[in-house]
Amino acid sequence: MSVLIGKDTRVLVQGITGGAGSFHAKQMIEYGTSVVAGVTPTRGGETFEHAASVGTIKVPVFDTVAQAVKKTGANASVIFVPPPGAADAILEAFDAGVELVVCITEGIPVMDMLKVRRVLETLPKTRLIGPNCPGIITPGACKIGIMPGHIHKPGHIGVVSRSGTLTYEAVGQLTALGVGQSTCVGIGGDPVAGMDFVDVLTLFEADPDTHGVIMIGEIGGGAEERAADFIKHKMKKPVAAFIAGTTAPPGKRMGHAGAIISGGKGTAAAKIHALTEAGARVAPTPSEMATTLLSMMKK
Amino acid sequence: MKIHEYQGKQIFAKYGVPVPKGYPAFTVDEAEAAAKKLVAETGNDVVVVKAQIHAGGRGKGGGVKVAKGGPAEARQIAEKILGMQLVTHQTGPEGQKVRRLYVEQGLAMDRELYLGAVIDRDRRRIAFMASTEGGVEIEKVAHDTPEKILTVHVDPAVGLSAYQSRELAFGLGLEKHGKETVGKFVKLMASLYDVIVKEDCSLCEINPLVILKNGDVVALDAKINFDDNADFRHKGWAELRDADEEDPVELQAKEAGLNYVSLDGNVGCLVNGAGLAMATMDIIKHYGEKHGVAPANFLDVGGGATQEQVTKAFSMILKSPKVKAIFVNIFGGIMKCDVIANGVVAAAKELGLKVPLVVRLEGTNVELGRKILSESGLAIQAATTMADGAEKVVLAVSGGAK
């Protein structure tokens, strides 16, 4: 068991003929992900080939997502389309009925994401992860995204994070201690995006195979505070957290479009306070994310 | 990206948001000529000379002055303001040098209001906020008297509706100035919404928005921030950028495709990924605070950086005089450790490594990266974890002093 993706997930790659799309499509295939289709407008009819260790894998390329879904039964899409066309690519996947859309692209204008969110609100079954995220992985079963697969290990800890490399850091710490992960979800660093902490925590709480959660937030916005409220009232499983940006100056965008303290709101201190009040344990340093969670699970 | 008030007003004018007549001036002579032109055009001797810097609170800091005596007085004021070090609550104590002025017609005002628009990230909507408390810091109003801020959220599928603008207009009591004023406000709102959506603004603020004695509604100020992500569809933004208003090192980093923010500390950081870069700063402060050790910068080289970009990034850190030690913290995903190692070695060989260097490498191609570093002959302290690295770099700066 896991959340959102597993062995039976059939993945289509939007932007499969581009540099990032083709590189990561191969990496996903190597990991064992079932990549069933690619989409690049005007390149329909071509075949994407990868000489994988298990033999050559051939993936048909289509002009539209609708065609790809109809022909292959793809039920998840991962988007590597550059920023000018990325929001359009997300909307195309929504319209074709793909129920899990993962957008890796960094740099989508926020005006475009406001429209995407508006459409998403009308689609109760559709889930969007990202944009500006590493993707999602259920170790040993399915990887949809750009994370290094080899650091993961199947197990029972859920990880949800706004930061890519900090997710790797947490996973690396867990695996080094011999502790595996159920599913790791990178929700991305943009101010307006798809699934947020509460959406993912809801799934982890309901998943019998997830026994504890590491949640990694950062400065900016109020998603961590909403998560704290959820943890306090709805969660029984232990949650360890880390919030990046204690030392970040206000008014400065710290790499991620969404990582900015504006008008005194979105500070690390406020988030750490809310999470601690809610019963989550906040790791004092980023080196102690795994040990903090394990200290809560000992009994 | 931020722009100046006069640039914001030029954009407003293009979309039909009413603004006073005015001309930018880069010299005292230009300021006097602008005042002369305004007096001739308006038949009014009163002009306003406004310092143009990328920070709010200019009036309070002495950067905005009214000249009632025509062009000669405008010239005297321009002489004082141009070149001054303007200190406001947003500039920090060192202030910002005034290099540009805006000379504007004086208007007979009746009331000052506040009007602003932001992206409300939690509601995923554009939010318009209006308040009767114009001309003062809106953060203070929001804190002290939040009930005085009226808000409407715009459905992106529908756009701004006239009834929402009327809601704000009646909330501000604009009907007292005549029903034409309500209509003028609604029209201004529609134009402003156009500006925000079409120009990809992440923030748009008019403080104050003024009601004139004749009932007209005019934007007396214009603060616009653009969403940097949208620069691919706005070729004109490059011309609006004022390099003098930005940190030179941050600008240099931006040109090299790096995310860099200058800080006050003494440990240079080179990290991949924004979250890890922030966390690296945090952990240096955690171990270093009581020894006076703190991060000197935020630097995210990103996931797809080339060796040249890494070399550039490391050079920027090496050149900074405040840096007493360097911490390279990499968890390679897409980023390969050998690319980082080659970049670091290239920069260190070119510029010389005069401060202690602590490196923690993990992830893709880690063995190759470590090999490149150890064969480089550079004095590098290898760290096994982030905490180990942070402790080592703190010790390197403080010399173990308690």
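Residues numbered from 1 in each chain as written. Chains lettered and ligands numbered in written order. Predicted model: local features only at pLDDT ≥ 70, side-chain atom pairs only at ≥ 80, totals over all residues. Heavy atoms only, no water.

1. A few points about the sheet that holds strand β7 (residues 127-129) of chain A
Residues and elements named next belong to chain A. Quick note on the threshold: DSSP calls a pair of strands paired once it identifies at least 2 bridges connecting them. The way it works is that DSSP assigns letters per residue, a run of H or I at least four long becomes a helix, a run of E at least two long becomes a strand, and they are numbered from the N terminus. Orientation is described by lines fitted to C-alpha atoms, with helices fitted over the stretch in contact, and by angles between N-to-C directions that extend from 0 to 180 degrees.
One open sheet accounts for seven strands, arranged β3-β4-β2-β1-β5-β6-β7; its pairing is mixed. Edge strands, defined here as strands with exactly one partner in the open sheet, are β3 (47-52) and β7. Averaged over all adjacent pairs, the angle separating strand axes in this sheet is 25 degrees, with direction ignored. Two elements, strand β1 (residues 10-14) and strand β2 (residues 34-39), share five bridges in a ladder whose sense is parallel. For Leu12, the partnering residue across the bridge sits in β2 and is Ala37.

2. Some points on the domain arrangement of chain B
Residues and elements named next belong to chain B. This is how it is decided: These domain boundaries are the output of an automatic or database domain assignment. In this description, contact between two residues means that some pair of their heavy atoms is separated by no more than 4.5 Å. When two parts are put together, the accessible area they lose, computed with a 1.4 Å probe and summed over both, is reported as buried area. We count a salt bridge whenever a side-chain nitrogen from Lys or Arg sits within 4 Å of a carboxyl oxygen from Asp or Glu. Any residue outside Ala, Val, Leu, Ile, Met, Phe, Trp, Tyr, Cys, Pro, Asp, Glu, Lys and Arg is labelled polar, Gly included; the first ten of those are nonpolar and the last four are charged.
When cut into domains, chain B gives domain 1 (1-19 + 108-244), domain 2 (21-106) and domain 3 (247-398). Distance between the C-alpha centres of domain 1 and domain 2: 23 Å. On the domain 2 side, the residues contacting the 15 residues of domain 1 number 16 residues. Counting each side, the surface lost to burial between domain 1 and domain 2 is near 1,400 Å², with a carbon and sulfur contribution of 41%. Looking only at domain 1, the three residues that lose the most surface to domain 2 are His4, Glu5 and Tyr6, adding up to 39% of its buried area. Across the contact surface, domain 1 and domain 2 share six salt bridges. Taking the shortest distance from any N to any O, the salt bridge between Glu5 and Arg58 comes out at 2.8 Å. At five residues, the largest contribution of residues to the side of domain 1 that touches domain 2 is made by helix α1 (residues 5-15). Taken together, the residues that form the side of domain 1 that touches domain 2 break down as four nonpolar, three polar and eight charged.

3. Details of the environment of Ile260 of chain A
As for its position among the elements, Ile260 of chain A is in the loop between β13 (239-244) and α8 (268-277). Taking C-alpha positions, Ile260 of chain A is 9.1 Å from Glu218 of chain A, a pair spaced 42 residues apart along the chain. Discounting residues that sit within four places of it in the chain, Ile260 of chain A has contacts with Ile219, Gly220, Gly251, Lys252, Arg253 and Lys265 of chain A together with Arg121 of chain B.

4. Looking at the side chain of Asp242 of chain B
All names here are of chain B. Defined as follows: In this scheme, a residue with accessible area under 20% of its type's maximum is buried, one over 50% is exposed, and one in between is partly exposed, where area comes from a 1.4 Å probe on protein chains only. Between N or O atoms, a polar contact is any pair within 3.5 Å; within protein, one atom must be a potential hydrogen donor and the other a potential acceptor, and residues adjacent in sequence are included only when both atoms are from side chains.
Take Asp242: it is sitting in the loop between α7 (237-240) and α8 (248-255). Residue Asp242 is classed as buried on the basis of its relative accessible area of 3%. At 2.7 Å, the side chain of Asp242 and the side chain of His4 are in polar contact. From its side chain, Asp242 meets the backbone nitrogen of Asp244 in a polar contact 3.0 Å long.

5. Details of the packing of aromatic side chains
Residue and element names in this part refer to chain B. Here is the rule we go by: In summary, the pairing rule links any two rings of Phe, Tyr or Trp, Trp by its six-membered ring, whose centres are within 6.5 Å, and it sorts them by plane angle into stacked for under 30 degrees, edge-to-face for over 60 and tilted for everything else. Charges are assigned to positions over rings by a cutoff of 6 Å between ring centre and Lys NZ or Arg CZ, combined with an angular limit of 35 degrees from the ring normal.
Evaluated as defined, the whole model comprises four aromatic pairs over all chains. Between Phe226 and Trp237, the aromatic rings sit 4.2 Å apart at their centres with planes inclined by 15 degrees, giving stacked as the arrangement. Taken as a pair, Phe226 in strand β12 (residues 223-226) and Trp237 in helix α7 lie far apart in primary sequence, eleven residues in all. Taking the ring centre of Tyr23 as reference, the NZ or CZ of Lys37 above it sits at 4.4 Å.

6. Quick notes on the domain arrangement of chain A
Residue and element names in this part refer to chain A. Domain annotation for chain A reports domain 1 (10-129) and domain 2 (147-298). At the boundary of domain 1 with domain 2, total buried surface from both sides reaches about 920 Å², with 63% on carbon and sulfur atoms. In terms of surface lost to domain 2, no three residues of domain 1 exceed Arg117, Arg127 and Ile129, which account for 46% of the buried area on that side. Across the contact surface, domain 1 and domain 2 share zero salt bridges. Linking domain 1 with domain 2 are three residue pairs in polar contact (both at pLDDT 80 or more), by the criterion used here. For the side of domain 1 that touches domain 2, the elements supplying multiple residues, two or more each, are α4 (110-120) and β7. For the side of domain 1 that touches domain 2, the residue count by class is eight nonpolar, no polar and three charged.

7. Some thoughts on helix α3 (residues 70-81) of chain B
Residue and element names in this part refer to chain B. Let me state the cut-off plainly: Helix span, expected: 1.5 Å multiplied by one less than the number of residues in the helix. Each C-beta atom gives one direction from the helix axis, and the arc is the one those directions make.
For α3, spanning twelve residues, the distance from its first C-alpha to its last is 17 Å, which sits close to the expected 16 Å at 1.5 Å a residue. Listing the buried residues of α3 in full gives Gly70, Pro71, Ala74, Ile77, Ala78 and Ile81. The arc that holds every buried residue of α3, seen down its axis, measures 120 degrees, which confines them to one face. Structurally, α3 contributes buried residues whose contacts are with α2 (28-42), β2 (47-51), β3 (64-67) and β6 (101-105). At the C-terminal side of α3, Gly83 shows a positive phi close to 90 degrees.

8. Comments concerning the sheet that holds strand β9 (residues 142-145) of chain A
Hydrogen bonds along the backbone pair up the strands of a sheet, which may run parallel or antiparallel. Judged by pairing direction, the sheet is mixed, and its seven strands sit side by side in the order β9-β8-β11-β10-β12-β13-β14 (chain A) without closing on themselves. The sheet is open, and its two borders are formed by β9 and β14 (281-282) of chain A, each paired with just one other strand. Sheet topology note: the β13 of chain A/β14 of chain A ladder contains two bridges and is parallel. In the strand pairing of β14 of chain A, Ala241 of chain A is matched with Val282 of chain A. On the sheet, helix α6 (residues 197-206) of chain A packs against β10 (154-161), β11 (181-186) and β12 (212-218) of chain A and is oriented at approximately 165 degrees with respect to β10 of chain A. Packed on one face of the sheet, helix α9 (residues 274-288) of chain B meets β12 and β13 of chain A and runs near 85 degrees to β13 of chain A.

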